[in-house]
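As a plain string of letters, each chain reads:
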Amino acid sequence: MTNTDNSNGRITVDYTNMIRSSVGKRGYTVKQLVGMEQVAEQAYMQVQANRGKGMQGWMDLHSNQSKVVEDILACAKSVRSKFDTFVLLGIGGSALGPIAVFNALCHLYHNELPDNKRNAPRFYCVDNVDPVRLSQLLDIIDVKTTMFNIVTKSGSTSETMSQYLIIECMLKQQLGDEYRHHIIATTSRDKGNLIKLAKKNKYKTFFIDEGVGGRFCELSPVGLLPAAVLGIDIRQLLQGAKCMDMECSSPKMFDNPALLLAVLQKMAMDNGNNITVCMPYADNLKYIADWFAQLWAESLGKAVDRQGNTVNVGQTPVKALGVTDQHSQVQLYAEGPFDKVIMFLAVEQFSKSVTIPQGCEEYENVNFLCGHTLEELMNTELYATKYALTKSGKLNYTITLPSITPHSIGQLLQLFMMQTAYCGELLNIDTYNQPGVEGGKNATYALLGRKGYEQLREEIGSSDKQDYIL
Ligand code: PA5
């Protein structure tokens, strides 16, 4: 096995297989695309006009956090010197980004590495309230050497606050007053309960700005603190995002990858492609697909447009992993309904190279593999899958990372967020709200007896029909 390195090159987008001349009748002609230029430019103007305003505070996070970054790096240094485990408690946007970046940029077996080979604390992110998961985490960590990062922008999310109560109680029992040095809060500057608790108990605190929503917050302290604790170069992460922002700075969609991808997806949605598959061909990128799924689903899945008309738009994101899911889902993608766009994430140069050694000389149908590398096999299978899907008339495009580095991951995150913002604009919806999630949250509050939700509790009680149970 050999280590290889690659400089911080730029991400490329290949949309050839969205074009009719390549994929056949369900693809788009260049004329059709050109016909979208004006609409695309309007969407661009609108998104850019709101840069930094309202819920678009995420757009400049790559450039406006120099003080915060210094504070994060200092805090991370201290955590790294005092703790062997870092646990993030959060859910949704407060968890998926940190999980994705950890898996992308750390050793795939980071937590299992022996201490002398792991230069950072172990990292766990508990983004569920499954009692087995939390109990079993407590079986393997020593709270005396663990830092807990409670992440909730609203400071009131039931799942995260339940976890907080459990951990705080346990820390107090085991550490007495010292417990407060084992909690870092990442939350809103002035809203919600966590900030009140943080002030009262003097927790180290980082802030999530009002204009940075959960699924757009990975480049805020939500993602930067855990990344810095893990030894990831957060300045490069931000620099990558900045480079992508510049790549996407043209109102002309053919010069703006995020805008072009948004337009292509909008056209695909208009033609009944209700599914988008995110299929990275690299284990390091597996959880980027999870992060993307939330970004795309929660931002674009909306019942009404900005004028209040019922539209019920959105595209269901599906997560897949190359090559693993070639042996699971690709059969459906190739031969099933014409209802999806497949987005491949490719890596040009892997950080490791593994050559398949000579052997099995007597078996030609095994021996042909010898001398090739695993990364060659991976990328050949990607090429072959794209070829087969395109031949079957299935829309697909490929985003290629030169290599997986903080810089390229920063580019990728910014690209996806910009694409989502433009797509929301093209759909004429509010990209940044989540009324569908709030409905479930409020019903939970009501059912668990939260004050102020009595009427909803009654309403739920009276609609609780169980007439068709087997
Ligand atoms: O994208 C979103 O806004 C949501 O997924 C939130 O991140 C999630 O509900 C958690 O919210 P909070 O950070 O307030 O606990």
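In this text the structure is predicted, and so the values were computed from the model without any measurement. By convention here, each chain's residues receive numbers from 1 onward along its written sequence. Selection of residues for local features in this predicted model requires a pLDDT of at least 70, selection of side-chain atom pairs for listing and counting requires 80 or more, and totals for whole chains, interfaces and linings are taken over all residues. As a convention, hydrogens and water are excluded, and side-chain values are obtained from all of the structure's heavy atoms.

Peer 1: What exactly am I supposed to notice about a nonpolar patch on the surface here?
Peer 2: The grouping of Val30, Val34 and Phe254 at the surface amounts to a nonpolar patch, some 240 Å² of accessible area in total. Note on conventions: DSSP H or I runs of at least 4 residues are helices, E runs of at least 2 residues are strands, and numbering of each starts at the N terminus. Assignment of secondary structure puts valine 30 in helix α2 (residues 30-34). Relative accessible area decides the class of each residue, using a 1.4 Å probe on protein chains only: under 20% of the type maximum gives buried, over 50% gives exposed, and in between gives partly exposed. Taking the relative accessible area as the measure of exposure, valine 30 reaches 53% and is therefore exposed. Only residues above 30% relative accessible area that lack a salt bridge enter a patch, with like-charged residues linked at up to 9 Å and the nonpolar side chains Val, Leu, Ile, Met, Phe, Trp and Tyr linked at up to 5 Å. Here, Shrake-Rupley sampling with a 1.4 Å probe gives the accessible areas, and only protein chains in the shown set may cover a residue. We define a salt bridge as a side-chain nitrogen of Lys or Arg found within 4 Å of a carboxyl oxygen belonging to Asp or Glu.

Peer 1: Which parts of the structure should I look at to understand the sheet that holds strand β5 (residues 146-152)?
Peer 2: Within a sheet, adjacent strands bond to each other through the backbone by hydrogen bonds, running parallel or antiparallel. Two strands make a pair as long as DSSP finds a minimum of two bridges between them. Strand order in this open sheet of five strands is β4-β3-β5-β6-β7, and the pairing throughout is parallel. Unpaired on one side and paired on the other, β4 (122-126) and β7 (204-208) mark the two borders of the sheet. Taking each pair of neighbouring strands and ignoring which way they run, the sheet shows an average axis angle of 20 degrees. Sheet topology places strand β3 (residues 85-89) next to β4; five bridges connect them, and they run parallel. Considered in β4, the bridge of valine 87 is made with tyrosine 124. Note on contacts: a residue pair is in contact if any heavy atoms of the two residues lie within 4.5 Å. The axes used here are C-alpha line fits, helices contributing only the stretch in contact, and every angle between their N-to-C directions lies in the interval 0 to 180 degrees. Packed on one face of the sheet, helix α8 (residues 193-201) meets β5, β6 (183-188) and β7 and runs near 140 degrees to β6.

Peer 1: Would you mind showing me how to read the packing of helix α5 (residues 96-105) against helix α12 (residues 286-300) here?
Peer 2: Each pair of packed helices gets described by two things: the angle between the helix axes and the distance between those axes. Taken N-terminus to C-terminus, the directions of α5 and α12 make an angle of 155 degrees; their axes are 8 Å apart at the nearest point. In terms of their interaxial angle, α5 and α12 are classed as roughly antiparallel. Taken as a pair, α5 and α12 cross one another with a handedness that is left-handed. Here α5 contributes Leu96, Gly97, Ile99, Ala100 and Asn103 to the contact with α12, which in turn contributes Tyr287, Ile288, Asp290, Trp291 and Gln294. Angle categories are assigned with fixed cut-offs, so that under 35 degrees is roughly parallel, over 145 is roughly antiparallel, 65 to 115 is roughly perpendicular, and the rest are oblique. Note on convention: near helix rotated counterclockwise from far helix by under a right angle means a left-handed crossing. Clockwise means right-handed.

Peer 1: So what exactly am I meant to see when it comes to the nonpolar core here?
Peer 2: As a rule of thumb, soluble globular proteins bury nonpolar side chains together. Counting residues in hydrophobic clusters, the biggest one holds 115 residues, and the most contacted among them are Trp58, Leu285, Ile399, Ile409 and Phe416. The biggest single contributor to this core is helix α16 (residues 406-427), with 12 residues. Residue ranges for the domains trace back to a domain assignment, done automatically or taken from a database. Lining this core are residues from two domains, each supplying at least three of them: domain 1 (2-50 + 237-427) and domain 2 (57-236). In these notes, a set of buried Ala, Val, Leu, Ile, Met, Phe, Trp, Tyr and Cys residues joined through side-chain atoms within 4.5 Å is what counts as a nonpolar core.

Peer 1: What's the story with the pairing of β6 in this structure? I'm lost.
Peer 2: On a regular strand, one side chain projects to one face of the sheet and the next to the other, so that they alternate. Within β6, six of the six residues are buried, which leaves the element mostly enclosed by the surrounding structure. As judged from the five bridges shared by β5 and β6, these two strands associate in the parallel manner. Bridge pairing in β6 links phenylalanine 148 to isoleucine 183. Assignment of crossover handedness uses the view with strands pointing away from the viewer, where a clockwise path from the first strand over the helix to the second indicates a right-handed crossover. In this fold, the crossover linking β5 to β6 by way of helix α7 (residues 158-175) has right-handed handedness. Pairing analysis gives five bridges linking β6 to β7, with the strands arranged parallel. Directly across from serine 188, in β7, lies its bridge partner isoleucine 208. Each parallel crossover has a hand, and the one from β6 via α8 to β7 is right-handed.

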